[in-house]
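Report on the structure
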Amino acid sequence: MMKKLTLSLASVAVLSLLVACSNNQEQAQGNTAASSSQVTTNSTTESSHTTTTSSSSATQTATSIDGTYKGLDERDNITLEIYGDKGTWTEVEIDGEQEVKSVTVDTANQRLTVGDDIKLYTLEGNQLILDDTDREPTDRIILSK
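The present account deals with the structure reproduced in this document. The structure presented is a predicted model; accordingly, all values stated were derived computationally and were not measured.

Quick look at the environment of glutamine 127 now. Structurally, glutamine 127 can be placed in strand β7 (residues 127-132). Other than its neighbours up to four places away in sequence, glutamine 127 contacts Thr122, Ile142, Leu143 and Ser144.

One finds Ile65, Leu80, Trp89, Leu112, Leu128, Leu130 and Leu143 to be the most contacted residues of the largest nonpolar core, which totals 16 residues. Listed by contribution, the elements that provide at least two residues to this core are β2 (76-83), β4 (98-106), β5 (111-114), β6 (117-124), β7 and β8 (141-144). Among the elements that make up this core, the one with the highest residue count is β2 (3 residues). With residues near it in sequence (within four places) discarded, leucine 80 still touches Gly67, Thr68, Tyr69, Thr88, Trp89, Val103, Leu112, Leu128 and Leu143.

For glutamate 74, which is not a glycine, the phi torsion comes out positive at approximately 60°. Note that glutamate 74 resides in the loop between β1 (67-73) and β2. By relative accessible area, glutamate 74 is classed as exposed at 75%. The backbone phi angle of glutamine 110 is positive, close to 50°, even though this residue is not glycine. The residue glutamine 110 is located in the loop between β4 and β5 in this model.

Right, let's talk about the pattern of salt bridges for a bit. According to the stated counting rule, one finds 3 salt bridges in the structure shown. Aspartate 131 is the partner of arginine 140 in a salt bridge, and the nearest nitrogen-oxygen pair spans 2.9 Å. For aspartate 131, a relative accessible area of 3% translates into the label buried. By sharing partners, the salt bridges in this structure join Asp131, Arg135 and Arg140 into a single network.

Cut-off values and rules
- Residues numbered from 1 in each chain as written.
- Predicted model: local features only at pLDDT ≥ 70, side-chain atom pairs only at ≥ 80, totals over all residues.
- Heavy atoms only, no water.
- Helix = DSSP H or I, 4+ residues; strand = E, 2+ residues; numbered from the N terminus.
- Contact = heavy atoms within 4.5 Å.
- Core = buried A, V, L, I, M, F, W, Y, C linked by side-chain atoms within 4.5 Å.
- Buried < 20%, exposed > 50% of the residue type's maximum accessible area, 1.4 Å probe, protein only.
- Salt bridge = Lys/Arg side-chain N within 4 Å of Asp/Glu carboxyl O.

What follows is the structure in structure tokens.
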């Protein structure tokens, strides 16, 4: 009995979502087609959206990250200079101590090797977002051009 109730509630939720999406689609495009056409339109739209998202990812990967980026890692000032597949990571601690590391760029896998550390990167506008390979949110570094 509980399974049927759960499945029924899930079905109602999915149906409500489809109706809401088709109503939004109808308003956005001024579409007054029959309900079955709206479901077909939504399927086509979702397929196009998936294609567009994939294209955006491909474009992002191909985008050059050349330039100078600055930001903070905890309290240390970071300057990252990248040109082609090489670069320099300069870290200045609050006491003035400076450490410089070489950087290599792997654009195909969106990875930076900073000294011995591997960082995954994402380019969003003029911001370069760096994550450790475990993607721990507390380890994220955001640098700006």
